[in-house]
Amino acid sequence: MPKAAKLAYRPIGLLTGIAGGLIAGALFKQVWKRFSDEDEAPNPLAADSYSWREILVASAIQGVIYSVVKASIDRAGAKGFQRVTGEWPGS
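Residues numbered from 1 in each chain as written. Predicted model: local features only at pLDDT ≥ 70, side-chain atom pairs only at ≥ 80, totals over all residues. Heavy atoms only, no water.

1. Some remarks on the pattern of salt bridges
What the rule picks out here adds up to one salt bridge. The closest approach of N and O atoms between Asp74 and Lys70, which form a salt bridge, is 2.8 Å. Taken together, the residues span about one helical turn, with Asp74 and Lys70 both in helix α2 (residues 52-85) at a distance of four residues. For Asp74, a relative accessible area of 27% gives the class partly exposed. Lys70 gets classed as partly exposed once you look at its relative accessible area, which sits at 33%. (Salt bridge = Lys/Arg side-chain N within 4 Å of Asp/Glu carboxyl O. Helix = DSSP H or I, 4+ residues; strand = E, 2+ residues; numbered from the N terminus. Buried < 20%, exposed > 50% of the residue type's maximum accessible area, 1.4 Å probe, protein only.)

2. Focus on α2
With 34 residues, α2 ought to run about 50 Å at 1.5 Å a step, and its terminal C-alpha atoms sit 48 Å apart, in line with that. Each element contacted by the buried residues of α2 is listed here: α1 (3-36). Phi turns positive, to about 85°, at Gly86, one or two residues after α2. (Expected span 1.5 Å × (residues − 1). Contact = heavy atoms within 4.5 Å.)

3. Things to note about the environment of Gly13
Structurally, Gly13 can be placed in helix α1. We classify Gly13 as partly exposed; its relative accessible area is 23%.

4. Things to note about unusual backbone geometry
The residue Asp37 is not glycine, and still its phi comes out positive at about 60°. Note that Asp37 resides in the loop between α1 and α2. You can call Asp37 exposed: its relative accessible area is 72%.

Don't take any of this as a statement about function, it's just geometry.
Structure (structure tokens):
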């Protein structure tokens with residue numbers, strides 16, 4: 001890929017990354033509310049408020065959601081960039 005195309009994709013990648021993080025966070029909050037009937041996920045630093053199991057399950061769910069959303073948005077952004085420029089940004 002030409003250097004100019006790689007540089008052109010950087011701000012797009014940054015913006016899609018931020019959007020992905022916001023979407024993943026909102027999605028996790030909704031999933032957690034349904035999973036636990038609580039508004040907030042367990043805070044690992046809260047003293048004795050949550051068990052290890054609760055904290056680790058919440059972290060695992062959050063990690064899976066974040067990874068799937070990030071991969072989906074990154075892939076869609078790269079495909080869109082390719083459609084517009086004819087170049088794949090990841091190479």
